[in-house]
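Fold and geometry: a report
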Amino acid sequence: MRSPEELADLLRQGGLDDAVDTLVPLLRPAIRLVATAAAPRPMCFRREPGGEVVVPEALEALEAALDALPLGASRFGGVPDLPPGAAWPARDGVPMEFVAQLDLAEAGPLDPERRLPTRGSLLFFYNSQWDTHDMVDEACCAVLFHDGDNATLVRATPPQVEWKSEYSDVPQVAPFLHGMATLALEPVLAAPGGVSPFVPEDIADDWQDFQAEVFEALAGPPPNNTLLGYADEQDYVDAHENGVDDQLLLQLDSDDAAEFQFGDCNKLFFLIHREALARRDFAATRVYSQLG
Amino acid sequence: MDLGEARALLARHDTFEKGEAVVDGRLELLSDRLWEALLSLEDAAELVTVANRLDWQFHPRGFDNVELYERYGDGIVPFLATRLDDDGILHNVPWCVVPCLLRCGSVEAFDLAWRVVDIAGRTPWGGCGDADLLLSWCQRHPEVAREQLAHKADAKAKALLFALGGPIDGAPTEDAVLALLDACAARQVDTRVELWPGPEVREVRAAAFRHGDDWGLAIEHVRGTRPRGLLAAHVVTCAFGPRVEGPVRGATVASRPVQDFDATELAARVGAPTLALPTLGLPRDARLVGEAVLARPAVPSESPALAGLVAQLCR
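The structure presented is a predicted model; accordingly, all values stated were derived computationally and were not measured. (Residues numbered from 1 in each chain as written. Chains lettered and ligands numbered in written order. Predicted model: local features only at pLDDT ≥ 70, side-chain atom pairs only at ≥ 80, totals over all residues.)

1. Focus on the overall build of chain A
Looking only at helices and strands, chain A features seven helices and 16 strands. For 292 residues, the compact-globule estimate of 2.2 N^0.38 gives 19 Å, and the C-alpha radius of gyration of chain A, at 19 Å, lies within 12% of that figure. Seen through its C-alpha atoms, chain A measures out along the principal axes to roughly 60 × 40 × 30 Å. Classification of the 292 residues of chain A by burial places 47% in the buried group. Expressed as a percentage of contacts within chain A between residues at least 6 apart in sequence, the contacts between residues at least 24 apart total 69%. (Helix = DSSP H or I, 4+ residues; strand = E, 2+ residues; numbered from the N terminus. Rg over C-alpha atoms; globule rule 2.2 N^0.38 Å. Buried ≥ 20, exposed ≤ 12 C-beta atoms within 10 Å, placed from the backbone. Contact = placed C-beta atoms within 7 Å.)

2. Points about the overall build of chain B
A tally of regular secondary structure across chain B gives 14 helices and 11 strands. For 315 residues, the compact-globule estimate of 2.2 N^0.38 gives 20 Å, and the C-alpha radius of gyration of chain B, at 25 Å, exceeds that figure by more than 25%. Oriented by its inertia axes, the alpha-carbon framework of chain B measures out at about 80 × 45 × 30 Å.

3. A closer look at the pairing of strand β7 (residues 121-126) of chain A
All names here are of chain A. Across the six residues that make up β7, a large majority, six, are buried. As paired strands, strand β6 (residues 97-103) and β7 are joined by six bridges and run antiparallel to one another. From the neighbouring strand, Asp 103 faces β7, where its bridge partner is Ser 121. Where β7 and strand β8 (residues 141-146) come together, six bridges link them in antiparallel fashion. When the bridges of β8 are listed, Tyr 126 appears paired with Cys 141. (Pairing = 2+ DSSP bridges.)

4. What to know about the sheet that holds β8 of chain A
The pairing of strands in a sheet comes from backbone hydrogen bonds and takes either a parallel or an antiparallel form. All names here are of chain A. In spatial order, the strands read β8-β7-β6-β2-β12-β1-β13-β14-β15-β16; together these 10 strands make up an open sheet with antiparallel pairing. Strand pairing shows two members of the sheet lacking a second neighbour, β8 and β16 (286-288), which therefore form its edges. In terms of strand pairing, strand β1 (residues 28-39) meets strand β13 (residues 226-228) through three bridges, oriented antiparallel. By the bridge assignment, Ile 31 is partnered in β13 with Leu 227. Along the sheet, helix α3 (residues 56-67) contacts β1 and β12 (180-190); its crossing angle with β1, the most-contacted strand, is approximately 125 degrees. (Axes fitted to C-alpha atoms, helices over the stretch in contact; angles between N-to-C directions.)

5. Some words on the nonpolar core
Counting residues in hydrophobic clusters, the biggest one holds 168 residues, and the most contacted among them are Phe 124, Phe 269 and Phe 270 of chain A together with Ile 76, Leu 101 and Leu 180 of chain B. Counting residues per element, this core draws most heavily on helix α11 (residues 174-185) of chain B, at nine residues. Taken domain by domain, this core gets at least three of its residues from each of domain 1 (3-139) and domain 2 (203-314) of chain B. (Core = buried A, V, L, I, M, F, W, Y, C linked by C-beta atoms within 7 Å. Domains from an automatic or database assignment.)

6. A few points about unusual backbone geometry
Ala 174 of chain A connects to Pro 175 of chain A through a cis peptide bond whose omega is 5 degrees. Residue position: Pro 175 of chain A is located in the loop between β11 (172-174) and β12. The linkage connecting Val 93 of chain B with the following residue, Pro 94 of chain B, adopts the cis geometry, with an omega of 0 degrees. Considering the arrangement of structural elements, one finds Pro 94 of chain B in the loop between β5 (89-91) and α6 (97-103). Although it is not a glycine, Arg 114 of chain A adopts a positive phi angle of roughly 50 degrees. As for its position among the elements, Arg 114 of chain A is in the loop between α4 (104-107) and β7. The class of Arg 114 of chain A is exposed, set by 10 C-beta atoms lying within 10 Å. Positive phi values are uncommon outside glycine, yet Arg 187 of chain B reaches one of about 55 degrees. Relative to the elements of secondary structure, Arg 187 of chain B occurs in the loop between α11 and β7 (203-211). A count of 19 C-beta atoms within 10 Å places Arg 187 of chain B in the partly exposed class.

7. A few points about the environment of Glu 46 of chain B
All names here are of chain B. Looking at the element boundaries, Glu 46 is found in helix α3 (residues 44-53). For Glu 46, a count of 17 C-beta atoms within 10 Å gives the class partly exposed. Sequence separation between Glu 46 and Pro 199 is 153 residues; the distance between their C-alpha atoms is 47 Å.

8. Examining the sheet that holds strand β11 (residues 287-295) of chain B
Residues and elements named next belong to chain B. Strand order in the open sheet formed by five strands is β10-β9-β8-β7-β11, with antiparallel pairing between adjacent strands. In the strand order of this sheet, the two ends are held by β10 (251-257) and β11, each with one partner. The average angle at which neighbouring strand axes cross in this sheet is 20 degrees, direction not considered. Pairing geometry for β7 and β11, over eight bridges, is antiparallel. In the sheet register, Glu 203 faces β11, and the bridge partner there is Ala 295. Lying on the sheet, helix α14 (residues 304-314) is in contact with β7, β8 (214-223) and β11; it crosses β11 at an angle near 175 degrees.

9. Remarks on the environment of Trp 56 of chain B
Residue and element names in this part refer to chain B. Tracing the sequence through the fold places Trp 56 in strand β4 (residues 55-56). Note on Trp 56: 16 C-beta atoms within 10 Å, which makes it partly exposed. Sequence separation between Trp 56 and His 91 is 35 residues; the distance between their C-alpha atoms is 11 Å. Contacts of Trp 56, omitting those with residues within four sequence positions, involve Phe 16, Val 93 and Pro 94.

10. So, the interface of chain B and chain A
Each side of the interface is counted separately: chain B has 19 residues, and chain A has 19 residues. A per-element tally of the side of chain B that touches chain A places β10 of chain B first, with five residues. A class-by-class count of the residues in the side of chain B that touches chain A yields seven nonpolar, eight polar and four charged. (Nonpolar A, V, L, I, M, F, W, Y, C, P; charged D, E, K, R; others polar.)

11. Things to note about α14 of chain B
Residue and element names in this part refer to chain B. For α14, the set of buried residues is Leu 306, Leu 309, Val 310 and Leu 313. All buried residues of α14 lie within an arc of 100 degrees about the axis, which places them on one face of the element. Where α14 is buried, its residues contact α11, β7, β8 and β11. (Arc of directions from axis to C-beta.)

12. Brief notes about the pairing of β7 of chain B
All names here are of chain B. Among the nine residues that make up β7, seven are buried, leaving the element largely enclosed by the rest of the structure. Relative to β8, β7 runs antiparallel, the two sharing seven bridges. Each residue of the ladder has a partner; that of His 211, found in β8, is Asp 214. Taken together, β7 and the strand that follows it, β8, pair antiparallel across an intervening segment of two residues, in which Gly 212 is found at a positive phi of about 65 degrees.

13. Observations concerning the confidence of the model for chain B
Residues and elements named next belong to chain B. Overall, the predicted model of chain B reaches an average pLDDT of 92, with 100% of residues at or above 70. Confidence scores differ between elements of chain B, with helix α10 (residues 155-163) showing the lowest mean pLDDT of 83 and helix α5 (residues 77-81) the highest of 98. Quick note on the complex model: pTM equals 0.81, ipTM equals 0.80. (pLDDT = per-residue confidence, 0-100.)

Written out as structure tokens, the structure is:
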């Protein structure tokens, strides 16, 4: 969505004239992340008995694609450029999956509300080995903030730890490495998801129907990868546990460019309390893979 | 259902099957009726007699159904025991067998769980999931488990006792260290990480360190065939000791790049034993008390070479 007028027109066309004054001010600046494939994923999703997990040609392609990118460049997948001294995040000894890194010198200035730092980088990891549809147990994600020059980042060599999945008798190798995609960043305006704490109750039902009907006009064509803004799916699980004090930090779609496949074509939603965001406490980030 | 009706219904059937039953003109599942009858018998002894006679071809409702236990208590164990075959496979048919066994807290239930090698017919929910049945049982009934395990002197019992909270701090003892290793090798620890080299690993290098009362033991092998690159061969370190921070108390697994890919000897490929010190949580001046390259032991306490190294560690 490019302008408030665009939403106002859509609302009027949908017969929601009375809601224009309430809903249009809810539009928030966001940054759309448009991914372009750079390398396929270098390993099989699951190791079979006696099988090799690495795909040699894909691994070579990934290594070449990584070599072509400077440290800290915004991208999905591959291996992270870690802050100096930082370990690859793990949960219960199992290394998490690296999904994205964002160059804040590029992303920060695109947000007129200045919610992000304007230097350094943010790295996103998540834990596909445990359920992420709710947050009833321990952390399912890690977000690392590098507050320094990109030149000091360290391109990581992934650990390789064997672990037993509940879905396979063959030990799997963690972390799973995703394909890699370069990113173009575009400032946009975002509207709340169909079920969202940001929408007043008296128009919630109308908004839910309307949002589902004109989803693509509001959110843009899929895949919908977004920094800031709102979670664009319907929050049936109270993922916004702090209500309107929660801020979507990053939304990642199951995007073919990086061969992302989260659940069954789901998205990942990284949420953070806005106060934690303001004090740069990215360790407080939570992740959800489904909102409904 | 009253007792007479239950007995009459069950007397007419030799098979517990889904089927159909007409009750007051309504069509119901026969299995629901039979189940209700089974829950309406006089006592556990009668239930065992009837349940043992039935050919179980279907299940009660609910993966985590523990109604038999709630109705009859541990008296159902003799019936549950009939689901165990001569190979130690517990057939979870009906699928309330495992959930009920986990609820039963008697010595008889422990004895049954002890004999189970594996489960056929695990369910997506209920029971112990894909975890070890015996460990799950012991975690639910730790007092009975500790008492019974103490009577058994073998490695499996010692490993389980360790998993239930054996000592790890203080000066090491051979029993405690080997119990920790056995527990990890037998996956009797509550983690999904592989804390012992898998059966495909032929050779490991073991290195033992002391630093005062603190100690550390690293079991290392090389994994992978690529000499360089993003996914180059690496050293896998299974680390044990009181200073080890990991998914379970006193044990973790980590990896690092291979020191010399082209070397022919494992020790040279893995590199100096001191490279494991950070994973062991020990300082650089920790004392190497011994190292050995040995064939991967499936049961650590049964390896003379490893037991010898542990004895050195504990001296």
